[in-house]
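Structure at a glance
Residue strings, one per chain:
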Amino acid sequence: QVQLVESGGGLVQAGGSLRLSCAASGLTFSAYAMGWFRQAPGKEREFVAGITGSGGHIYYADSVKGRFTIFRENAKNTVYLQMNSLEPEDTAVYYCAADSSIMYIRTARVRDYWGKGTLVTVSS
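Attention in this report is confined to the structure presented alongside it.

This next bit is on the overall build of the protein. Helix and strand counts for the protein stand at one helix and eleven strands. Reading the protein from its N end, one meets helices and strands in the order β-β-β-β-β-β-β-β-β-α-β-β. In terms of overall dimensions, the protein has a C-alpha envelope of 40 × 25 × 25 Å along the principal axes. Looking at the protein residue by residue over its 124 residues, the buried ones come to 45%. By sequence separation, contacts in the protein at least 24 residues apart represent 58% of the contacts at least 6 residues apart. Taking the 12 positively charged and 10 negatively charged side chains of the protein as two groups, their mean positions are separated by 4 Å.

Read across the sheet, four strands follow the order β1-β3-β8-β7 without closing on themselves; strand pairing throughout is antiparallel. Unpaired on one side and paired on the other, β1 (3–7) and β7 (68–73) mark the two borders of the sheet. Between one strand axis and the next, the sheet turns by 15° as a mean value, whatever way the strands run. As judged from the six bridges shared by β7 and strand β8 (residues 78–83), these two strands associate in the antiparallel manner. Bridge pairing links Ile-70 to Leu-81 in β8.

This part covers the packing of aromatic side chains. Counted under the stated rule, the structure contains five aromatic pairs. Aromatic pair Phe-37 and Phe-47: ring centres 5.8 Å apart, planes at 70°, arrangement edge-to-face. Of the two residues, Phe-37 sits in strand β4 (residues 33–39) while Phe-47 sits in strand β5 (residues 46–51), which places them ten residues apart along the sequence. On the basis of relative accessibility, which here comes to 1%, the residue Phe-37 falls in the buried class. Connected via pairs of aromatic rings, a cluster forms that spans Phe-37, Phe-47, Tyr-95 and Trp-114. Residue placement shows Arg-45 over the ring face of Trp-114; its charged tip is 3.8 Å from the ring centre. Positioned over the ring face of Tyr-104 is Arg-111, at 3.9 Å from the centre of the ring.

Criteria and thresholds
- Residues numbered from 1 in each chain as written.
- Predicted model: local features only at pLDDT ≥ 70, side-chain atom pairs only at ≥ 80, totals over all residues.
- Heavy atoms only, no water.
- Helix = DSSP H or I, 4+ residues; strand = E, 2+ residues; numbered from the N terminus.
- Buried < 20%, exposed > 50% of the residue type's maximum accessible area, 1.4 Å probe, protein only.
- Contact = heavy atoms within 4.5 Å.
- Lys, Arg positive; Asp, Glu negative; His and termini not counted.
- Charge placed at Lys NZ, Arg CZ, Asp CG, Glu CD.
- Pairing = 2+ DSSP bridges.
- Axes fitted to C-alpha atoms, helices over the stretch in contact; angles between N-to-C directions.
- Phe/Tyr/Trp six-rings, centres within 6.5 Å; stacked < 30°, edge-to-face > 60°.
- Lys NZ or Arg CZ within 6 Å of the ring centre and 35° of its normal.

Printed below as a string of structure tokens:
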């Protein structure tokens, strides 16, 4: 049974930093592209960042470029999202997802697996 478990969310002041983690189990982790998505209250879920299985290709939404960094440690079956210079507009539930193709991660059409999310709240 595949599980993706996010952690690291919380309350932070604007300008602060958080690091999210997503621990995967039950799948061949390096064979999957991984992505981070977020859903703010009253809004649709949106793509934040994606990374290929090898880590060789990385993609970001324009809204987070230069502030967020996605990286993975395949030996630990974990993908991370380092979030710096946080803004109140970053407040959302953050989800990680796995898909065998980065294309589906980038276009927010994940076919395979989702985590249950972790809440990030940025106060002004």
